[in-house]
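Reading the structure
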Amino acid sequence: MSNIVIEQPTGLGSFTIGDLGVFIGTLGGVITSILIVLQKSHCKKIKFMCWECERNDPLDDPERPPLNPNPPNPPNPPNPNPPPPPPPVEDDEEAVVPPAGQNL
């Protein structure tokens, strides 16, 4: 009998389309996270590897409308369940409290 030998591809030939998709997705995630960090940064001068950028302060932009640090408070909505009115006070002799030191 003869032995059948199956050679496995090596190097980039062993990548499947699924492996390539995972690699591209991971690379895209890394690039996206770097761009988000750069966007949220408050630095005026940014250096990243061989790339350098100096950006303007967005608060100094004359075309930008001024920021309102204290926006007006919205009006309070009406209470849908107002408290019930207090019960009427009845003139009852038992409810009258005599002044201190006097007896009725």
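Structure first, text after, so check above.
Section: the overall build of the chain
- Counting secondary structure elements, the chain contains one helix and two strands.
- What you see in the chain, going N to C, is helices and strands ordered as α-β-β.
- Carbon and sulfur atoms make up 61% of the accessible area of the chain, which totals about 10900 Å².

Some words on the pattern of salt bridges
- Counting across every chain of the model gives one salt bridge.
- Taking the shortest distance from any N to any O, the salt bridge between Glu-52 and Lys-45 comes out at 3.7 Å.
- Here Lys-45 falls in the partly exposed class, since its relative accessible area comes to 48%.

Remarks on the pairing of strand β1 (residues 45-48)
- In this structure, β1 lies alongside strand β2 (residues 51-54), joined through four bridges in antiparallel fashion. Note on β2: the bridge partner recorded for Phe-48 is Trp-51.
- Between β1 and β2, which follow one another and run antiparallel, lie two residues, and Met-49 among them has a positive phi close to 55 degrees.

Thoughts on a nonpolar patch on the surface
- Residues Ile-17, Leu-20, Phe-23, Ile-24, Leu-27, Ile-31 and Leu-35 make up a contiguous nonpolar surface patch of roughly 730 Å² in combined accessible area.
- Among the structural elements, Phe-23 can be located in helix α1 (residues 17-40).

Basis of the calculations
- Residues numbered from 1 in each chain as written.
- Predicted model: local features only at pLDDT ≥ 70, side-chain atom pairs only at ≥ 80, totals over all residues.
- Heavy atoms only, no water.
- Helix = DSSP H or I, 4+ residues; strand = E, 2+ residues; numbered from the N terminus.
- Areas by Shrake-Rupley, 256 points an atom, 1.4 Å probe, with all protein chains shown as cover.
- Salt bridge = Lys/Arg side-chain N within 4 Å of Asp/Glu carboxyl O.
- Buried < 20%, exposed > 50% of the residue type's maximum accessible area, 1.4 Å probe, protein only.
- Pairing = 2+ DSSP bridges.
- Patch = residues over 30% accessible without salt bridge, like charges linked within 9 Å, V, L, I, M, F, W, Y side chains within 5 Å.

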